[in-house]
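Here is how the chains run, residue by residue.
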Amino acid sequence: MKNHDFNPESLMMTYGYKPELSEGAIKCPIFQTSTFVFKTAEEGKAFFELAYGLREKSPKEELGLIYSRINNPNLEILENRLCLWDKADDCAVFESGMSAISTVLLEFLKPGDLLVYSNPLYGGTDHFIHHFLNKIGVHTIGVMPDHSMDEVVQMIKDSGKADKLALIFMETPANPTNDIVDIEKFSKIAKQFSTEERKALVAVDNTYMGPLWQHPLQCGADLVLYSATKYIGGHSDLIAGAVLGNAELMLRVKTLRTFLGNMVSPHTAWLLLRSLETLKVRMDQQTQNAQVIADYLNNHPKVENVYYLGLLKEESEAYTTYKKQCSAPGAMVSFDIVEGEKEAFMFLNSLKLMKLAVSLGGTESLAEHPKTMTHAGVDEVQMKQMNITDRLIRLSIGVEYSKDLIWDLEQALEKVEVDSALELTTA
């Protein structure tokens, strides 16, 4: 019989783990240890030479276990399994999504460099760019969803820093508006401004799509990042982040992680291994529910606009991009409720099944108000440009029975009191 190539969802149960090394345990134990014993002094020397980049690995040589800040069985098995979804050479897992993002930005940007980033971004990323990178002399250009590629190229040229372009950072689909950008087109821009001596890189925050519905590395990105707290963890019981890419770039990421000490703990890595086993079934159910909910909201008289990839108009450029680089519309639904903050809060306070909380991607459905919560630190003018208004509500759809979720939305919307004339005009 020919060899069979298993799909990632099948390999999540066993890949990278050898039961015979752990007393035959069917599941990987938690290796709750700080340090590891070397068989000989020579072995310890060889491990450290690789860990510190003092020499190249010989054929078939692997980095042995040294210290859990550098490597740990739970960490290594988790990183190996995550690589399967994105077909990456290597992966580094961090203690939070922001830890992963900040490590990448610190490793690949230096004073004088130019960073181009898409908008909107997660509030924490936006804050790091505007309130930290500027302090260390990194120049930045923010790109809006309606900017054409020609306009982006011109903005880079007009900055006077075109020869310093080091990184293009994108979040697509964007938090919280689901704005989508073309990864391939931005990768071409990065190549346009690269030279043999200096390559401009493309990094994509893929948190909104998780490792299932979009694969940025296959669209031309150099690095893909996740808040693993979200779909990868999937149970709202841990905090973690991840970065994936080719071996050369990931060596740099992992080296900086070693000295920042912001790796994930063995226990958190073990929880993530548990979560990967159900990743596909969870995410499949979540996107099915989200599509039903988006359709419901799109026809409700107290909802003005619904921001969801599954509702993009077929003649739009965004739809073309979505069909090119995504396999599903995802499970994040945002919408504008009629009028403003008062009505938004009235709706949020009336929910019974959905929980009023930030974060996303968990098994339970969540609702929040981006302008006053996740994106509260974003500049007011910027928020207006990005359509993050008093009326905007963000939903993260879970795995509950879809009709129960619809019931909850319906009863909460019924409690929203609006001017009757306004309701008639939006019907």
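First, a word on scope: everything that follows refers to the structure included in this document.

Rules behind the numbers
Residues numbered from 1 in each chain as written. Predicted model: local features only at pLDDT ≥ 70, side-chain atom pairs only at ≥ 80, totals over all residues. Heavy atoms only, no water. Pairing = 2+ DSSP bridges. Helix = DSSP H or I, 4+ residues; strand = E, 2+ residues; numbered from the N terminus. Core = buried A, V, L, I, M, F, W, Y, C linked by side-chain atoms within 4.5 Å. Buried < 20%, exposed > 50% of the residue type's maximum accessible area, 1.4 Å probe, protein only. Contact = heavy atoms within 4.5 Å. Axes fitted to C-alpha atoms, helices over the stretch in contact; angles between N-to-C directions. Phe/Tyr/Trp six-rings, centres within 6.5 Å; stacked < 30°, edge-to-face > 60°. Lys NZ or Arg CZ within 6 Å of the ring centre and 35° of its normal. Salt bridge = Lys/Arg side-chain N within 4 Å of Asp/Glu carboxyl O.

Section: the sheet that holds strand β8 (residues 303-307)
Strand pairing in a sheet relies on backbone hydrogen bonds. The paired strands run either parallel or antiparallel. Ordered by their spatial adjacency, five strands build an open sheet running β8-β9-β12-β11-β10, and the pairing between neighbours is mixed. Among the strands making up the open sheet, the edge pair consists of β8 and β10 (355-356). Of the pairings in the sheet, the one linking β8 to strand β9 (residues 332-337) comprises four bridges and is antiparallel in character. Paired with V306 across the strands is F335, a residue of β9.

Focus on the nonpolar core
L82, I293, L297, F335, F347, L395 and I397 are the most contacted members of the largest nonpolar core, which totals 74 residues. Non-local contacts of L82, meaning those with residues more than four positions away in its chain, are made with C91, V93, I232, A242, L244 and L276. Core analysis: the second largest hydrophobic core is formed by 26 residues, A92, L121, L167 and L249 among them.

Remarks on the sheet that holds strand β7 (residues 241-245)
Sheet architecture is open: seven strands sit in the order β1-β7-β6-β5-β4-β2-β3, paired in mixed fashion. With one partner strand each, in any of the chains shown, β1 (90-94) and β3 (139-143) form the two edges of the open sheet. Strand-to-strand, the axes of this sheet are offset by a mean angle of 20 degrees, without reference to chain direction. Sheet analysis places strand β2 (residues 114-118) next to β3, joined by five bridges and oriented parallel. From the neighbouring strand, S118 faces β3, where its bridge partner is V143. Lying over the sheet, helix α7 (residues 183-192) contacts β3, β4 (165-171) and β5 (201-205), oriented at roughly 170 degrees with respect to β4. On top of the sheet, helix α9 (residues 247-260) reaches β1, β5, β6 (223-227) and β7; it is set at about 25 degrees to β1, its chief contact.

Examining the packing of aromatic side chains
How two aromatic rings sit relative to each other is set out by the distance from centre to centre and by the angle between their planes. In the structure shown here, the tally under the stated rule is eight aromatic pairs. An angle of 65 degrees between the planes, with centres 6.2 Å apart, marks the rings of Y319 and Y322 as edge-to-face. With Y319 and Y322 both in helix α12 (residues 317-325) and three residues apart, the pair spans about one turn of that helix. No difference in accessibility class separates Y319 from Y322, as the two residues are buried. Measuring from ring centre to ring centre gives 5.6 Å for F335 and F347, while their planes differ by 90 degrees; the resulting arrangement is edge-to-face. Linking F335 in strand β9 with F347 in helix α13 (residues 341-350), this pair joins segments that are 12 residues apart in sequence. Assigned by exposure class, F335 and F347 land together as buried. An aromatic cluster is defined as three or more aromatic residues linked by ring pairs; in this entry it consists of F38, F47, F48, Y52 and F259. R257 extends its terminal NZ or CZ atom over the ring of F94, reaching a point 5.8 Å from the ring centre.

Focus on the pattern of salt bridges
Tallying each qualifying case throughout the model produces 19 salt bridges. Of the charged contacts in the structure, one is a salt bridge between R391 and E304, with a shortest N-O distance of 2.1 Å. A residue pair is termed long-range when its members are at least 10 positions apart, and R391 in the loop between α14 (380-385) and β12 (392-396) and E304 in strand β8 qualify at 87 residues. For E304, a relative accessible area of 32% corresponds to the partly exposed category. A single network of salt bridges, built from pairs that share partners, joins E79, D90, K254 and R257.

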